[in-house]
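Fold and contact review
Given next are the chains, with one letter for each unit.
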Amino acid sequence: FWQELGGDWSRGSWTNDLDWRVDDPGGRLLAMLEGRQVEWYPLRRTNRVNLHPVLFGLYDDVVYHHGAGFRPVFDRVDRLRAGLVPELPPDLPPEPPPSFAGALRWKVKAKRWYRADKRPVARREQRLLRRNRELSDRVFASIREDDGFFLRV
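Everything numeric here is computed off the predicted structure, so don't read it as measured data.

1. A short note on a positive patch on the surface
Side chains of R123, R124, R127, R130 and R133 sit close together on the surface and give a patch of like positive charge. Structurally, R133 can be placed in helix α4 (residues 100-145).

2. As for the packing of aromatic side chains
All told, the structure shown has two aromatic pairs when counted by the stated rule. Centre to centre, the rings of Y64 and F149 are 5.1 Å apart; their planes meet at 85°, and the pair counts as edge-to-face. Remark: F149 occurs in the segment after α4 and Y64 occurs in strand β4 (residues 63-65); sequence separation between them is 85 residues.

3. A closer look at the pattern of salt bridges
This model, assessed by the stated rule, comprises eight salt bridges. Among the salt bridges present, the one from D24 reaches R76, with a minimum N-O distance of 3.9 Å. One end of the pair, D24, is in strand β2 (residues 21-24); the other, R76, is in helix α3 (residues 76-82), with 52 residues separating them in the sequence. Taking relative accessible area as the criterion, R76 reaches 31% and is therefore assigned partly exposed.

4. Structural notes on the pairing of β2
Alternating residues of β2 divide into V22 and D24, all buried, and R21 and D23, none buried. Inspection of the sheet shows strand β1 (residues 12-15) paired to β2 by four bridges, in the antiparallel sense. Directly across from S13, in β2, lies its bridge partner D23.

5. Some remarks on helix α2 (residues 25-35)
For α2, every residue scored as buried is listed here: G27, M32 and L33. In the core, the buried residues of α2 are packed alongside α1 (2-5), β1 and β2. For α2, the capping residue at the N-terminal end is D24, with a side-chain oxygen 3.1 Å from the backbone nitrogen of G26.

6. Topic: a nonpolar patch on the surface
Where nonpolar side chains cluster on the molecular surface, the patch consists of Y41, L43, V62 and V63 and spans about 410 Å² of accessible area. Summarising the element assignment, V63 is placed in strand β4.

7. Examining the environment of P120
Tracing the backbone shows P120 in helix α4. For P120, a relative accessible area of 29% corresponds to the partly exposed category. For the pair P120 and V85, spaced 35 residues apart in the sequence, the C-alpha separation amounts to 9.6 Å. With near-sequence residues (within four places) excluded, P120 lies in contact with Y114 and R115.

Parameters at a glance
- Here the residue numbering is sequential within each chain, running from 1 through the sequence in written order.
- Totals for whole chains, interfaces and linings use all residues, but because this is a predicted model, local features are given only for residues with pLDDT of at least 70 and pairs of side-chain atoms are given and counted only at 80 or more.
- Based on all heavy atoms of the structure, the side-chain values leave hydrogens and waters out of the count.
- Patch membership needs two things, relative accessible area over 30% and no salt bridge, and members are linked within 9 Å if like-charged or within 5 Å if nonpolar (Val, Leu, Ile, Met, Phe, Trp, Tyr).
- Here the accessible surface of atoms and residues is derived via Shrake-Rupley with a 1.4 Å probe, and residues count as covered only by protein chains that are part of the display.
- The working definition used for a salt bridge is a side-chain nitrogen of Lys or Arg within 4 Å of a carboxyl oxygen of Asp or Glu.
- The sign given to each residue is positive for Lys and Arg and negative for Asp and Glu; His and the chain ends receive no count.
- By convention, charge coordinates are those of NZ in Lys, CZ in Arg, CG in Asp, or CD in Glu.
- Numbering goes from the N terminus for both helices and strands, where a helix is a DSSP run of H or I of at least four residues and a strand is a run of E of at least two.
- Put simply, two rings from Phe, Tyr or Trp (the six-membered ring, in Trp's case) pair if the centres are within 6.5 Å, and we call them stacked under 30 degrees between planes, edge-to-face over 60, tilted for the rest.
- With a 1.4 Å probe rolled over the protein chains alone, any residue whose accessible area is under 20% of its type maximum counts as buried; one over 50% counts as exposed, and the rest are partly exposed.
- Pairing between two strands is assigned when DSSP locates at least 2 bridges connecting them.
- Note on contacts: a residue pair is in contact if any heavy atoms of the two residues lie within 4.5 Å.
- Any pair of nitrogen or oxygen atoms within 3.5 Å is treated as a polar contact; in protein, a donor-acceptor pairing is required on top of that, and neighbouring residues in sequence qualify only through side-chain atoms on both sides.

Below, the structure written as structure tokens:
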């Protein structure tokens, strides 16, 4: 069916439950199924243990999806947990002015903004990414060691 559909792993867009526009391979598959009017139903997550709300998922007790197989182990749920990256304040343009004094004032404002607003988010991102990598490594090790690993998921 995948070959008949012309399936591949390129990205496509869809809108998630948070009303965010998402670009991922699932979006392309969704567009292909809907474009060909293929009946489908969403698989229900049936994990017995949830190490993460999105990653390491068992669906309808049949399909295992590790998640983030080809990208950093950080997803939309982690983005919410870490906090949205704050916008630049309106009085801080994206580029410094050409004058030395203007550039210096810009740099001071940018450092204040970074330290107060952006750095805490970046640190939370790093902690979550490190935790997710460790979880991913543990789950992969479990997959390699035990054919029935999914019974514990």
